[in-house]
Amino acid sequence: MRLPFAQIDAFAAQAFQGNPAAVMPLAAWLDDDVLQAIAVENNLSETAYIVPDDSGAADFELRWFTPGAEIALCGHATLASGHFVLSSDSSIERVRFRTRQAGILEVVREGDGYAVALPAWVPAPKDMAGIVAALGVTPVETLWHDKGYALVILADEAAVRGIAPDLRALAAAGQLIAIVSAPGAAIDVVSRVFTPAYAIDEDPVTGSAHAVMTPYWTKRLGRDSFTAYQASARGGYLTCRLDGDRAILGGKCTTVIEGTFFLD
């Protein structure tokens, strides 16, 4: 079996920036263990699979797998999937994806990039002493969302950039996504995201984390939009806007590999 394959840097204006995702269009779903094995073989933070949606609710079904597990929401791989579809036909302005745990997601053209609409997941204050200890930080505030997102607010950008977490202890806390964020020096909001339980120690640029941060930071900043930078080694810039119950994330994509995956 030969499967088309593209590797796309999402939230990136050029190659070697942002977060790489594999996008693989399928005619029909393969067994879950095969989808997981392909994600392990790809060894990227995310492999996205799209299948034509026969329900009429969307254009495609969409699922995301890390090398460790299937996840509920992935923003950068949704953006990459939108780029994969839209870049193949300049007459199409938007594409809709039906997902299993995050509802209908849409990617639209926006300037020379794209905007992806994700559910705005509002975190609530919660004491997370174990996670904070694993991160090795002194938080200003800690919040939690039941989809498994821990949002830890620090005082400033330097504190975010200086984190050296105990990844083994963080992985032992369970399948969670640990977001550390603070006001930026030259940009509104900076963050880093750690996901060792999903076999990715530090995620380069995390759309779903910004779907959690958008409700928090728009309220704290007192406006409905802000600029953001995820300060990983690769780094990535986003725009974030709250629109009702949706977090609208803007960014560019760059295709870096196209090819064929051979499956026995």
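Reading guide: rules and limits
- Chains are numbered independently. Their residues run from 1 in the order of the written sequence.
- Selection of residues for local features in this predicted model requires a pLDDT of at least 70, selection of side-chain atom pairs for listing and counting requires 80 or more, and totals for whole chains, interfaces and linings are taken over all residues.
- Neither water nor hydrogens contribute to the side-chain values; these are computed over all heavy atoms in the structure.
- Numbering of helices and strands runs from the N terminus; a helix is a DSSP stretch of H or I covering at least four residues, while a strand is a stretch of E covering at least two.
- Note on classification: 1.4 Å probe, protein chains only; a residue is buried when its accessible area is under 20% of the maximum for its type, exposed when over 50%, partly exposed between these limits.
- Regarding the arc, it is the one traced by the directions from the helix axis to the C-beta atoms.
- Two residues form a contact once any of their heavy atoms are found within 4.5 Å.
- Under the convention used throughout, the expected extent of a helix is 1.5 Å for every residue step, that is, one less than its residue count.
- Pairs of strands are assigned from DSSP output, requiring at least two bridges between the strands.
- Criterion for a salt bridge: a side-chain nitrogen of Lys or Arg within 4 Å of a carboxyl oxygen of Asp or Glu.
- Put simply, buried Ala, Val, Leu, Ile, Met, Phe, Trp, Tyr and Cys residues joined by side-chain atoms within 4.5 Å make one nonpolar core.
- Think of a polar contact as two N or O atoms within 3.5 Å of one another; within protein, one of them needs to be a possible hydrogen donor and the other a possible acceptor, and neighboring residues in sequence only count if both atoms come from side chains.

**Student:** Lay out unusual backbone geometry with the relevant residues and their values.
**Tutor:** At phenylalanine 11, a residue that is not glycine, the phi angle is positive and equals roughly 55°. Its location among the elements puts phenylalanine 11 in the loop between β1 (2-10) and β2 (19-25). Accessibility expressed as a relative area gives 3% for phenylalanine 11, which makes it buried.

**Student:** So, helix α1 (residues 32-42): which residues are in play, and what are the values?
**Tutor:** In an α-helix, one full turn covers 3.6 residues, which means residues spaced three or four apart are oriented alike. Among all positions in α1, only Leu35, Gln36, Ile38, Ala39 and Asn42 are buried. In an axial view of α1, the angular spread of the buried residues amounts to 160°, which keeps them on one side of the axis. Structural note: α1 exposes Asp33 and Glu41 on the side pointing more than 90 degrees away from its buried face. Buried-residue contacts for α1 involve β1, β2, β3 (47-52), β4 (60-65) and β17 (253-262). Among the residues trailing α1, asparagine 43 stands out with phi positive, at a value near 55°.

**Student:** So what about the environment of alanine 134? Which residues, and what values?
**Tutor:** One can find alanine 134 in helix α3 (residues 129-135). Looking at alanine 134, the relative accessible area reads 4%, which means it is buried. Those residues in contact with alanine 134, other than ones at most four positions away along the chain, are Pro165, Asp166, Ala169 and Leu170.

**Student:** Which residues make up helix α2 (residues 75-86), and what values do they have?
**Tutor:** For α2, built from twelve residues, the straight-helix expectation of 16 Å at 1.5 Å per residue is met to within 8% by its first-to-last C-alpha distance of 16 Å. Those residues of α2 not exposed but buried are Gly75, His76, Ala77, Thr78, Leu79, Ala80, Ser81, Gly82, His83, Val85 and Leu86.

**Student:** I'd love a proper account of the pairing of strand β15 (residues 236-243), names of residues and values included.
**Tutor:** Bridge count for strand β14 (residues 225-230) against β15 is six bridges, and the pairing is antiparallel. Residue pairing in the sheet places alanine 228 in a bridge with leucine 238 of β15. Hairpin connection of β14 to β15: five residues between the antiparallel strands, including glycine 235 at a positive phi of 75°. Where β15 meets strand β16 (residues 246-251), five bridges bridge the pair, whose relative direction is antiparallel. Bridge pairing in β16 places threonine 239 opposite glycine 250. Counting the residues in the hairpin turn of β15 and β16 gives two residues, including glycine 244, whose phi is positive at 65°.

**Student:** I'd love a proper account of the pattern of salt bridges, names of residues and values included.
**Tutor:** A full pass over the atoms with the stated rule returns twelve salt bridges. Where aspartate 243 meets arginine 241, a salt bridge forms, and the shortest distance between an N and an O atom there is 3.8 Å. Residue classification places aspartate 243 among the partly exposed positions, given a relative accessible area of 43%.

**Student:** Give a description of the nonpolar core that names residues and reports values.
**Tutor:** By size, the foremost hydrophobic cluster in this structure holds 53 residues, and its most contacted members are Trp64, Leu73, Leu79, Phe97, Val107 and Ile179. Looking at this core, the element that brings in the most residues is helix α6 (residues 207-221), giving six residues. With residues near it in sequence (within four places) discarded, valine 107 still touches Thr78, Leu79, Gly82, Leu86, Glu93, Arg94, Val95, Phe97, Tyr114, Ala115 and Val116. Within the second largest apolar cluster, 22 residues are counted, among which are Ile131, Ala134, Leu135 and Leu176.

**Student:** An account of the environment of glutamate 70 is requested, with residue identities and associated values reported.
**Tutor:** Take glutamate 70: it is sitting in the loop between β4 and α2. In the structure, glutamate 70 is positioned 34 residues away from glutamine 36 in sequence and 7.5 Å away in space, judged by C-alpha atoms. Among residues more than four places away in sequence, those in contact with glutamate 70 are Gln36, Arg63, Trp64 and Phe65. A polar contact of 2.8 Å, which involves the side chain of glutamate 70, links it to the side chain of arginine 63.

**Student:** Can you tell me about the environment of glycine 222, naming the residues and giving the values?
**Tutor:** The residue glycine 222 is located in the loop between α6 and β14 in this model. Residues glycine 222 and arginine 234, twelve residues apart in the sequence, show an inter-C-alpha distance of 30 Å.

**Student:** Could you give an account of the pairing of strand β10 (residues 149-153), with specific residues and numbers?
**Tutor:** Within a regular strand, side chains alternate between the sheet's two faces. Extensive coverage of β10 is indicated by the burial of five of its five residues. The alternating pattern of β10 places Tyr149, Leu151 and Ile153 on one face and Ala150 and Val152 on the opposite face, and all of these are buried. Joining the antiparallel neighbours strand β9 (residues 141-145) and β10 is a turn of three residues, in which glycine 148 adopts a positive phi near 100°. Direction of pairing for β10 relative to strand β11 (residues 177-183): parallel, over a ladder of five bridges. Opposite alanine 150, over in β11, you have alanine 178 as the bridge partner.

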